[in-house]
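Observations on the model geometry
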Amino acid sequence: MSTVTTSGAVDTGPSAVLHRDLKQDPFRIVSSAGFYIQFDDGRKIFDATGGAAVSCIGHGDQRVIDAITAQAKTLDYCHSMFYSCPSAEDLCQQLIRSTNGQMSKAFIVCSGSEAMEAAMKLCRQYFLELPTPEPNRTHFIARRESYHGTTLGALSVGCHVGRRAVYEPILMQNISHVSPCNAYRNKLDSESTTEYVARLAKELDDEFRRVGPQNVCAFIAEPVVGAALGCVPAVEGYFKAMKSVCDKYGALLVLDEVMCGIGRTGTMHAWEHEGVVPDIQTIGKGLGGGYAPIAGLLAGHRVINTLENGSGRFSHGQTYQAHPISCAAAAEVQRIIQKEDLVHNASFMGKYLGSLLKEKLGHHRYVGDIRGRGLFWGIEFVKDKSSKAPFDRELDIGMLVHQKGLGLSGNSGILLYPGNGTVDGKVGDHILIAPPYNVTMVDIDLIVDLTVMAIEAAFEDVA
Ligand code: PLP
């Protein structure tokens, strides 16, 4: 067992942390600076995924450290269920302004999963507080091959088979799933994009009618699917068509932008690219850029007006909601993103990253698809390009590439985010690349070179 010495340092014995892997202790990361993280064995690794698409301005930014320090000295805690504080107001004002007035209010929590829970409860409350309440609207329609978080509500609405498996019997039952928009896997060769969108819209419409439109609360989707599929954007027109179906039946549209939002995909909000405005969106990860645990939701006018004219309260709250220090950190991260025009840089550098990945890896024997938007790119691996058959699950190709990335010789390793095909047994393994928004073309060149090396090293082992 690890022990704390009198100096406060921790011995390097077995980990006391209840980690995902109980059989093997994880590597320990001891420091981070700029785009690099450092392990306790001295290895410095280029963080090309910002953890899990979290770090968006790099590590160790002095301006954020100063904001956190100043906040801790001024006000360390505020019971935000009953009160507000300047850093929460600052952050929420910035967020609402960033929607050009499309959203009305922000609710701040500590994780994306909590944000999803809050969003689902807000949907329910909206229908109860309409002038003519609709209490039967308790059903959520979401999509297969999606991930919305780990708490029971968020896990239920998501459809990541691997992450749900152990908990199936205790998940919510009032949820059903339709197909995601995944052109590489699901669009027929004989189908135009318009026909594909029409087919998916019909599937959603059919699901509303199967469940009974009067019972459906909301349709929930990620604008660009992250962990479950590996950066899959929808085809043009898809979200407009889905919104039309929601409007037809009076249901709410909830967009989960926890991973793909806050500039990650080259627009501040991923929905801007789609030309639709959700009723509620969730945000996280890049909101605090990794400097503090923070996430949240933005609610539109339709929802907030209804609550204002109804009970006048949101029946939900948590001890650590809108924590002053987290809000100060996130407010500073957001100010930096704005001041340095980093969303624009993410869009510009993202195009370069995408084109370079396609140039260097598009013809690779085992690379089935390269897709993404902004600085959010996924590479899907397949055993056979023509049939798109995935590798055997046991090979865990995404994890192998990830490990090879960490193990590249010298000080030149790279952190890539692995995912696998446990989603529905048909989808291939993938890695995800999501570097900070302030990367340069030189950084992108390095990321792509190291990624190619990691992939080559992985397939040397497999071949
Ligand atoms: N929603 C999406 C799209 C996510 O990718 C994640 C996490 O990966 C979550 C929700 C849950 O966020 P958290 O892990 O912060 O609870």
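Everything that follows concerns the structure shown earlier in this document.
Residues numbered from 1 in each chain as written. Predicted model: local features only at pLDDT ≥ 70, side-chain atom pairs only at ≥ 80, totals over all residues. Heavy atoms only, no water.

**Considering the pattern of salt bridges**
Here is the rule we go by: By convention in these notes, a salt bridge is any Lys or Arg side-chain nitrogen within 4 Å of a carboxyl oxygen on Asp or Glu. Only protein chains enter the accessibility calculation, which uses a 1.4 Å probe. A residue is then buried if its area is under 20% of the maximum for its type, exposed if over 50%, and partly exposed in between.
If you walk through the whole model with that rule in mind, you get 25 salt bridges. Salt-bridge contacts for D61 lead to R63; the nearest nitrogen and oxygen are separated by 2.8 Å. The exposure class assigned to D61 is buried, which follows from its relative accessible area of 13%. Its relative accessible area of 32% is what places R63 among the partly exposed residues. Residues E168 and R164 are paired through a salt bridge, measuring 3.0 Å at the closest nitrogen-oxygen approach. Within the structure, one salt-bridge network assembled from shared partners comprises K202, D205, D206, R209 and K248.

**Concerning the packing of helix 2 (residues 62-74) against helix 12 (residues 324-339)**
How two helices pack is summed up by the angle between their axes together with the distance between the axes. We count it as follows: Axes, fitted as lines to C-alpha atoms, cover a helix only where it is in contact. Angles between the N-to-C directions of the axes lie from 0 to 180 degrees. Only runs of H or I of at least four residues qualify as helices and only runs of E of at least two qualify as strands under DSSP, and these elements are numbered from the N terminus. Orientation is classified from the angle alone, with under 35 degrees giving roughly parallel, over 145 giving roughly antiparallel, 65 to 115 giving roughly perpendicular, and any other angle giving oblique. Throughout, a crossing is termed right-handed when the near helix is turned clockwise from the far one, and left-handed when it is turned anticlockwise from it by less than a right angle. For this analysis, residues touch if any pair of their heavy atoms sits within 4.5 Å. Residues are sorted three ways: Asp, Glu, Lys and Arg are charged, Ala, Val, Leu, Ile, Met, Phe, Trp, Tyr, Cys and Pro are nonpolar, and all the rest, Gly among them, are polar.
At a minimum axis distance of 8 Å, the contact between helix 2 and helix 12 shows a crossing angle of 150 degrees. The angle between the axes of helix 2 and helix 12 places the two elements in the roughly antiparallel class. As for how helix 2 packs across helix 12, the hand of that crossing is right-handed. Here R63, V64, A67, I68, Q71 and A72 of helix 2 come into contact with helix 12, specifically with P324, I325, A328, A329, E332, V333 and I336. Here the residues of the contact of helix 2 with helix 12 sort into 10 nonpolar, one polar and two charged.

**Examining the site of the ligand**
This is how it is decided: For this description, a residue counts as near a given molecule or strand if any of its non-hydrogen atoms is within 4 Å of it. Polar contacts, as counted here, are pairs of nitrogen or oxygen atoms within 3.5 Å of one another; within protein the pair requires one atom able to donate a hydrogen and one able to accept it, and residues that are adjacent in sequence qualify only if both atoms are side-chain atoms. To be clear on the numbers: accessible area is Shrake-Rupley with a 1.4 Å probe, and residue cover counts the displayed protein chains and nothing else.
Looking at the ligand, the residues that line it are S111, G112, S113, Y147, H148, G149, E222, D256, V258, M259 and K285. Between the ligand and D256 there is a distance of 2.6 Å, counted from a nitrogen atom to a side-chain nitrogen or oxygen. Residue K285 places a side-chain N or O atom 2.9 Å away from an oxygen atom belonging to the ligand. Burial of the ligand by the surrounding chains reaches 84%, relative to a free accessible area of 390 Å².

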